[in-house]
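# Structure at a glance
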Amino acid sequence: MFVPIFIVLLTLVPLHAAGRSPAKPVKRHRETWHDFKLPSPLHDEVIVSLGKAEFHNHDTRQKLDEDLSNLACDDACMDMNVKNITKEEAEQSLVYEKIDLNGAKSVIRLSIDDKFVDYINAWSNKGDTLSHQQKGSHDRRKREVYEYDTRFPIQDPALYETSPFSAAVKLSTGCSGVLIGPQYVLTAAHCIHNGKKYVKRLKDVKVGFRRDRELEAGEDIADAFYWIRATEAFVPYEWTSSGKQKLLPVEQDYAVIKIKRESDRSYLNISVGTPENVASGTRIHIPAFDKKDDATLVYRFCRVADGTQEVMYQVCDSEKGAIGAGVYVRRWDREARKWSRKVVAIYGGHAKFYQDHARQDYNVALRITPLKFAQICFWTTGSYGGCKG
């Protein structure tokens, strides 16, 4: 059973809207959040054409369900310690594949300098103490809808154009996503690529924005959205080249889709979601379209139960259609002196975790790490200078 919508509004509307003085910001947010802005830009170094992409011809939703069962987190992904990276490791992590509307794909390697690596390592080490403090927490739960469904259906059409719900989108492949720029959508990589092939021709991939009206009798679910076609997609090369592996790396399960034109909806900015910024106990929020054959936007919130440097374990109720949705937190903006929302992770669904040869299954969200932040920023801007998280 869903929780009534008025409870959602109480969690979103500031107190002064009800005639009371604004609540003072929580001190913990001001002290623990660390802004992230690299001192130097990224540059294209090598572009290798790979010819035309291959696509699957069978039912997309069925194939996504099969691919989802192969997501796994190995010992490196499970590591809670902060480790310094070398220039070579950073450049390898930033290699990505791009596909255009005509199906032409290429692999792009970025050139970085020592300042980039030094900043990444110095910033990451700020959270090393906190990461050690969280090692004792193991409150992890398997994914499903739990005893009491804590999801809230957004039933007022006016809210579809109101932030943060305005940034929630539905993909024609059956997943959710989040608008992170006027023409860019962040989602899970396996929503468009299964590690071997793209699940649809890019020209057939569309991004849906919920219309601000109710469906009329006889209308199809698709009529509840206005759709914009994809023109480009960006996926980590470690994901697209993982087809020979039996298990797919959950820490690489993210992608960005560029749409043909700007939408009329406001977007959410991304930020770094490391354990220092988003620690165990932090409240996270996820708006998504949970069901393939339902136009209902569903909002939920819960607290981070545990996590590693790459993923966070959380207990938000959800269904498969929510995969790819943006996970955001509310943070105190010290410069603007107001609350803001930042996307810090991508909801990934169910994944297998292998540690010391033992398997456990958890409900996860993929953290936006400093390197992922840099890469996503480059995808959406073509440089780095304009991004700050």
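Scope of this entry: the structure provided in the associated data block. (Residues numbered from 1 in each chain as written. Predicted model: local features only at pLDDT ≥ 70, side-chain atom pairs only at ≥ 80, totals over all residues. Heavy atoms only, no water.)

### Side note on the state of the cysteines
Across all of its chains, the model carries 2 disulfides by this definition. Shown here is the disulfide that connects Cys-175 with Cys-191, its sulfur atoms set 2.2 Å apart. The sign of the S-S torsion, about -95°, decides the handedness of the disulfide formed by Cys-175 and Cys-191: left-handed. Within this pair, whereas Cys-175 is found in the loop between strand E6 (168-171) and strand E7 (176-181), its partner Cys-191 is found in the loop between strand E8 (184-187) and strand E9 (206-210), the two being separated by 16 residues in sequence. Its relative accessible area of 1% is what places Cys-175 among the buried residues. Here Cys-302 is linked by a disulfide to Cys-316, with a sulfur-sulfur distance of 2.1 Å. Sign of the S-S torsion, about -100° for the bond between Cys-302 and Cys-316, identifies this disulfide as left-handed. (Disulfide = S-S within 2.5 Å. Helix = DSSP H or I, 4+ residues; strand = E, 2+ residues; numbered from the N terminus. Buried < 20%, exposed > 50% of the residue type's maximum accessible area, 1.4 Å probe, protein only.)

### Re helix H9 (residues 370-381)
With 12 residues, H9 should cover 16 Å at 1.5 Å per step; its first-to-last C-alpha distance of 16 Å lies within 8% of that length. Where burial is concerned, most of H9 is hidden: 10 out of the 12 residues are buried. Along H9, the residues classified as buried are Pro-370, Leu-371, Lys-372, Phe-373, Ala-374, Gln-375, Ile-376, Cys-377, Phe-378 and Trp-379. Gly-382 sits one or two residues past H9 and shows a positive phi near 80°. (Expected span 1.5 Å × (residues − 1).)

### Comments concerning the pattern of salt bridges
Under the counting rule described, the total for this entry stands at 7 salt bridges. A salt bridge links Glu-219 to Arg-213; the shortest N-O distance between them is 3.0 Å. Connected through shared salt-bridge partners, Arg-151, Asp-290, Arg-300 and Glu-319 make up one network. (Salt bridge = Lys/Arg side-chain N within 4 Å of Asp/Glu carboxyl O.)

These values are about where atoms sit, not about what they do.
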